[in-house]
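Results of the structural survey
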Amino acid sequence: MTAGMVDKGFKEFLSTLDADVRFDEQMKDHTYLAIGGPADVFITPRSVASLSSVLKAAKETGMPVFPIGGGTNILVSDMGIEGAAVSMAAFNEVRTLSEDSDSASLYVDAGFPLMRLLRHAAEKGLTGTEGLAGIPGQVGGAVAGNAGAFDCEIKDVIVNVSLMNKDGNIRKLPKDEINFDYRYAGIPQGEIILGAEFSLAKDDPEAVSKRMQEFIDEKKSRQPLGERSAGCVYKNPEGGFAGKLIDEAGCKGMRVGGIEVSALHANFFINTGGGTATDYMSLMLKVVSKVRTTSGAVLEPEIRVVGRC
Ligand SMILES: Cc1cc2nc3c(=O)[nH]c(=O)nc-3n(C[C@H](O)[C@H](O)[C@H](O)COP(=O)(O)OP(=O)(O)OC[C@H]3O[C@@H](n4cnc5c(N)ncnc54)[C@H](O)[C@@H]3O)c2cc1C
């Protein structure tokens, strides 16, 4: 499928949907890094039926579909994304499924911002998500990458995940049928997370808020949270820390074009202004090579590199 094919058959079909549809949408406007060329079409369905229609039509026409959350963990090519970027931003509610004196079960839509979920849990006196404090993006993106910090991973509180497959059909996968691993959930390519059910234990709301704030303060002191980044560039290798290895390889402050290795945390690359995906990739190659030379470690990307090559 090419942009031309989107223009012809797909445009008319898309105009009938309950969805916000934009053609040649600049992905830099949808990524935390502010990098990325145009997606052929950027679709924000407003109903499950519209999402289902999009996925079915995409399958029939061979159009690639890229699900996007908050865009906080992706590096999008300067040449953009072929096919459809599908945003779940319009699915952004949370509801309590059940509650007793010890715990509560919540269903949270994929497009619900992760930090809003944490604040909601704190207000209700529900514990289990505090370690995720300060992680930007949406719940769907956090589930897709099993987001985590401070010995807490989102999988720890998940009961099941609702998915829509390429035929537009919905299924609910219990946690033990999902291959959660370090920053990985193994969601089949092309399937979309609709939402997830969480089980959280009851606690004192003030204690939950206090712990959450402590994690945020800790994160702020160690990571350049206010800058344009995509979070940690590399996964921590077994028994070590990618940031420490990059720092020890002398890479802090290293720069290609507008992209710079953060002086605060070496595993964050910052777009200081006007940086491109090409700059970012080239800095990644330089850093990987220096780390390999100095420590022998082979760093593996944590960020998702997406789009046209
Ligand atoms: C300042 C900063 C700090 C960060 N700190 C942390 C941290 O401490 N720990 C951590 O784990 N991460 C961290 N991150 C990375 C990032 O915020 C998380 O990985 C976040 O959970 C990604 O969510 P997102 O909605 O932005 O996903 P996106 O970046 O939009 O997408 C990431 C991946 O998930 C897929 N995806 C998104 N939504 C869906 C969906 N509904 N269905 C199917 N697939 C989907 C995308 O296709 C893509 O492959 C940080 C990032 C920044 C910028």
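Reference entry: report on the structure contained in this document. (Residues numbered from 1 in each chain as written. Predicted model: local features only at pLDDT ≥ 70, side-chain atom pairs only at ≥ 80, totals over all residues. Heavy atoms only, no water.)

With respect to the overall build of the chain
Put simply, the rule is: Strands here mean DSSP runs of E at least two residues long; helices mean DSSP runs of H or I at least four residues long; both are numbered from the N terminus. Atoms counted for the radius of gyration: C-alpha only. Globule rule: 2.2 Å times residue count to the power 0.38. The classification of residues rests on relative accessible area computed with a 1.4 Å probe and restricted to protein chains. Under 20% of the type maximum is buried, over 50% is exposed, and intermediate values are partly exposed. Only heavy atoms enter the contact rule, under which two residues are in contact if any of them lie within 4.5 Å. Areas reported here follow the Shrake-Rupley algorithm with a probe of radius 1.4 Å; residue values treat only the protein chains shown as occluding. Charged residues are defined here as Lys and Arg on the positive side and Asp and Glu on the negative side; His and the ends of the chain fall outside this count. Think of each charge as sitting on NZ of Lys, CZ of Arg, CG of Asp or CD of Glu.
The secondary structure content of the chain amounts to 7 helices and 17 strands. A compact globule built from 309 residues should have a C-alpha radius of gyration of about 19 Å, and the chain, at 20 Å, falls within 12% of that. Overall size of the chain, expressed as C-alpha extent along the three principal axes, is 55 × 55 × 30 Å. The buried share among the 309 residues of the chain stands at 50%. In the chain, 66% of the contacts between residues at least 6 apart in sequence involve partners at least 24 apart. Looking at the chain as shown, the accessible area adds up to about 14100 Å², and 49% of this sits on carbon and sulfur atoms. In the chain, the 33 positive side-chain charges and the 41 negative ones have mean positions that sit 3 Å from each other.

Looking at the sheet that holds strand β15 (residues 259-261)
For the record, the criterion: We treat two strands as partners when DSSP finds at least two bridges between them. Only the stretch in contact is used when fitting a helix axis, every axis being a line fitted to C-alpha atoms; angles between N-to-C directions are given from 0 to 180 degrees.
The antiparallel open sheet is built from 3 strands, whose spatial order is β14-β15-β16. The open sheet has two edge strands with one neighbour each: β14 (255-256) and β16 (269-271). As judged from the 3 bridges shared by β15 and β16, these two strands associate in the antiparallel manner. Bridge pairing in β16 links Val261 to Phe269. Taken strand by strand, helix α7 (residues 277-295) contacts β14, β15 and β16, and its axis lies near 30° from that of β15.

Notes on the pairing of strand β6 (residues 94-99)
Where β6 lies against strand β7 (residues 103-109), 5 bridges are found, and the strand directions are antiparallel. Paired with Val94 across the two strands is Val108, which belongs to β7.

Considerations on the nonpolar core
Nonpolar side chains tend toward joint burial in soluble globular proteins. Going by this rule: The term nonpolar core refers to a set of buried residues drawn from Ala, Val, Leu, Ile, Met, Phe, Trp, Tyr and Cys, joined through side-chain atoms within 4.5 Å. What marks off one domain from the next here is an automatic or database domain assignment.
Counting 59 residues, the largest nonpolar core has Leu114, Val143 and Phe198 as its most contacted members. Summarising the domain contributions, this core has at least three residues from each of domain 1 (3-87) and domain 2 (94-222). Apart from residues no more than four positions distant in its own chain, Phe198 is found in contact with Ala104, Ser105, Leu106, Val108, Leu117, Val139, Ile154, Val157, Ile158 and Val159. With 26 residues, the next largest nonpolar core counts Val233, Ala249, Ala266 and Met284 among its residues.

What to know about the side chain of Asp279
The following threshold applies: What counts as a salt bridge is simple: a side-chain nitrogen of Lys or Arg found within 4 Å of a carboxyl oxygen of Asp or Glu.
Here Asp279 lies in helix α7. Buried charged residue Asp279 carries no salt bridge. Nearest counter-charge: Arg255, at 8.2 Å. If near-sequence neighbours (up to four positions away) are discounted, Asp279 is found in contact with Val256, Gly257, Gly258, Ile259 and Gly274.

Looking at the site of the ligand
This is how the line gets drawn: Note on definitions. A residue lies near a molecule or strand when any single heavy atom of the residue is within 4 Å of it. Under the rule applied, a polar contact is a pair of N or O atoms within 3.5 Å (in protein, one hydrogen donor and one hydrogen acceptor; residues adjacent in sequence only if both atoms are side-chain atoms).
Taken together, 34 residues lie around the ligand, and Pro67, Gly70, Thr72, Gly148 and Lys219 are the ones closest in. In this structure, an oxygen atom belonging to the ligand sits 2.5 Å away from a main-chain N or O atom of Pro67. Ile193 places a polar main-chain atom, nitrogen or oxygen, 2.8 Å from a nitrogen atom of the ligand. Its free accessible area being 970 Å², the ligand has 95% of it covered by the protein chains.

Here we look at the sheet that holds strand β5 (residues 81-87)
If you trace the 4 strands from one edge of the open sheet to the other, you get β1-β2-β5-β3, paired in mixed fashion. A single partner strand is all that each edge strand has here, and the edge strands are β1 (19-26) and β3 (65-68). Going across the sheet, the axis of each strand differs from the next one's by a mean of 25°, ignoring polarity. Taken together, the 4 bridges between strand β2 (residues 38-45) and β5 define a ladder with parallel strand orientation. Opposite Phe42, over in β5, you have Ala85 as the bridge partner.

Digging into unusual backbone geometry
Residue Asp24 is not a glycine yet carries a positive backbone phi of 50°. With respect to the helices and strands, the residue Asp24 is situated in strand β1. Of note in the backbone geometry, Asn146 takes a positive phi value of approximately 40° without being a glycine. By the secondary structure assignment, Asn146 is in the loop between α4 (139-144) and β9 (148-149).

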